[in-house]
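Here is what each chain is made of, one letter per residue.
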Amino acid sequence: MKQASGKSLISFAGGMPNNDLFPVKQIDEIYNSLPENIKKLCFQYGPTSGYPPLIKSLENYLKNKGLDVDDNRILITTGSLQAISIITQEFVNEGDIILTENPCFVGALSVFETYGAEVHSIPIDKDGIDIEALKSKIETLDRKPKFLYVTPNYHNPAGIIYTPERKKELLKVLSGTGIILLEDDAYSDLYFNEDEKHLTKAMKSFGVKDVEIIYTGSFSKILGPGFRLGYMLSSKEIFAKAESVKQALDACTSNFMQILANEFLAQQKLEPYLAFLRGEYLERKNLLQKHLKTYMPKEITWNEPKGGFYIWLKLPPHIKSTDIFKETVAKGVVFVTGRTFDPSSKKDDRLRLSFSNMHKEQIEKGVIILSETIKKVLENSKIAL
Ligand SMILES: Cc1ncc(COP(=O)(O)O)c(C=O)c1O
């Protein structure tokens, strides 16, 4: 974040919306038109589970995604990272096993490490988690993992979306094992093509009864990370324990932010804003894709994302993204190195390019610098061979 916020840098690093995209005017209007008593409430503590009107609005929002909000409970959290943290505190003791994807969202990895979990990671391909590798991992472990953490929609950092078949297969593998599924869905609203919206359907909405699924979501990518607003949807039993954990952590999430977010939802401002964001991100993705095609050497490959924020570039196996980074940062271009997302911090033949935070006019220059650097490192590696 430090490097990403440097003024003179061209940053492909930040996995967040660009400052120029935030709905500043709408939030101004919302706050200014709040009744005095609600303005006062903004400054107050609130219930640990969340500001009741926001819970109601979220129920509607999640119902629209096909999620069952009657048999489950919502806990509002201070960012969805806090939800991940709460769930880990609820289920994991030092030395317990957590399964993750490889690569994996680094924020979750740092939570799991903080709680002393033993992390075992399973590779993903373009369609989702490797089912055979998952099965064999579960079979060979001497203890039952506490949960499997996945980001099926517009993965951070891999940019992929699980196919519906892969989601079903995953549920089948977990079925009857007692391993909880932690489904992190921070990006599902950011699809590029309306026709592909159905692909974002959450596994928690599939109606599978014999897999316990905890679903988490966030306002960070659709409203602004500064809101620090997330939530979890879980069974009533898991909710009750999570609520006590949260109470001890921060008593409640900021009422100020919850009230503003609730008005944003309740006044039907989210959908039009999302339509605007989708257009902006699609444009940035297309530009990045176009310039990569023009400038990257043929040895470099990447995915074409269908939504979200990320392109996950693949280097030849003998080239390390950390070496590329050292060179590009000196030239004012930053990204996130592959090893950041490997639980064992080793696999380094990838780099994550985020287009969400880019100024459109900077993309080409950034890609040229990156491509030239990669070409140079490739040339040097040939000479060394
Ligand atoms: C996959 C994923 N989950 C969760 C989060 C955390 O979001 P929040 O800001 O709500 O804590 C992020 C943020 O980068 C993310 O990429």
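Parameters at a glance
Residues numbered from 1 in each chain as written. Predicted model: local features only at pLDDT ≥ 70, side-chain atom pairs only at ≥ 80, totals over all residues. Helix = DSSP H or I, 4+ residues; strand = E, 2+ residues; numbered from the N terminus. Rg over C-alpha atoms; globule rule 2.2 N^0.38 Å. Buried ≥ 20, exposed ≤ 12 C-beta atoms within 10 Å, placed from the backbone. Contact = placed C-beta atoms within 7 Å. Axes fitted to C-alpha atoms, helices over the stretch in contact; angles between N-to-C directions. Parallel < 35°, antiparallel > 145°, perpendicular 65-115°, else oblique. Left-handed = near helix turned anticlockwise from the far one by under 90°. Nonpolar A, V, L, I, M, F, W, Y, C, P; charged D, E, K, R; others polar. Near = placed C-beta within 6 Å. Expected span 1.5 Å × (residues − 1). Core = buried A, V, L, I, M, F, W, Y, C linked by C-beta atoms within 7 Å. Domains from an automatic or database assignment.

### Digging into the overall build of the chain
If you tally the helices and strands in the chain, you get 12 helices and 14 strands. Its C-alpha radius of gyration of 21 Å places the chain within 12% of the 21 Å reference for a compact globule of 385 residues. Reported as C-alpha extents along the three principal axes, the dimensions of the chain are approximately 65 × 55 × 40 Å. Taking all 385 residues of the chain together, 44% fall into the buried category. For the chain, long-range pairs separated by at least 24 residues make up 76% of all intrachain contacts whose partners lie at least 6 apart in sequence.

### Focus on unusual backbone geometry
Here the amide bond leading from Asn102 into Pro103 is cis, since omega sits at 5 degrees, within 30 degrees of zero. Structurally, the position occupied by Pro103 is in the loop between β3 (97–102) and α5 (106–114). The backbone phi angle of Tyr154 is positive, close to 55 degrees, even though this residue is not glycine. What makes Tyr154 buried here is the crowd of 27 C-beta atoms within 10 Å. Here Arg228, not a glycine, exhibits a phi torsion of approximately 45 degrees, which is positive. Relative to the elements of secondary structure, Arg228 occurs in the loop between β8 (213–218) and β9 (230–235).

### Describing the packing of helix α4 (residues 80–91) against α5
At a minimum axis distance of 10 Å, the contact between α4 and α5 shows a crossing angle of 30 degrees. Considered as vectors, α4 and α5 are oriented roughly parallel to each other. For α4 against α5, the interelement crossing comes out right-handed. Together, Leu81, Ile84, Ser85 and Thr88 of α4 and Gly107, Ala108, Val111 and Phe112 of α5 make up the contact between the two elements. In terms of residue class, the contact of α4 with α5 is made up of five nonpolar, three polar and no charged.

### Brief notes about the site of the ligand
The environment of the ligand is formed by 14 residues, the closest being Gly79, Leu81, Asn156, Ser218 and Ser220. Residue classes in the shell around the ligand are distributed as four nonpolar, nine polar and one charged.

### Points about helix α8 (residues 236–250)
Under the 1.5 Å per step criterion, the end-to-end length of α8 is 21 Å for 15 residues, consistent within 8% with the ideal 21 Å. The secondary structure elements touched by the buried residues of α8 are β2 (72–77), α4, β8 and β9. The positive-phi residue at the C-terminal boundary of α8 is Ala251, with phi of around 65 degrees.

### A short note on the nonpolar core
Of all hydrophobic cores here, the largest spans 97 residues; its most connected members are Leu148, Leu181, Met232, Ala261 and Leu353. The two domains that each donate at least three residues to this core are domain 1 (10–22 + 271–384) and domain 2 (24–266). Non-local contacts of Leu353, meaning those with residues more than four positions away in its chain, are made with Phe12, Leu288, Tyr310, Ile311, Leu313 and Phe335.

### A few points about the domain arrangement of the chain
Put simply, an interface is often sized by how much accessible area is lost when its parts join up. Domain parsing of the chain yields domain 1 (10–22 + 271–384) and domain 2 (24–266). The gap between the C-alpha centroids of domain 1 and domain 2 is 26 Å. Taken together, the contact pairs 24 residues of domain 1 with 28 residues of domain 2. At the level of secondary structure, the elements contributing two or more residues to the side of domain 1 that touches domain 2 comprise α10 (270–295) and β11 (310–314). With six residues, α10 is the single largest residue contributor to the side of domain 1 that touches domain 2. Partitioned by chemical class, the residues of the side of domain 1 that touches domain 2 number 14 nonpolar, five polar and five charged.

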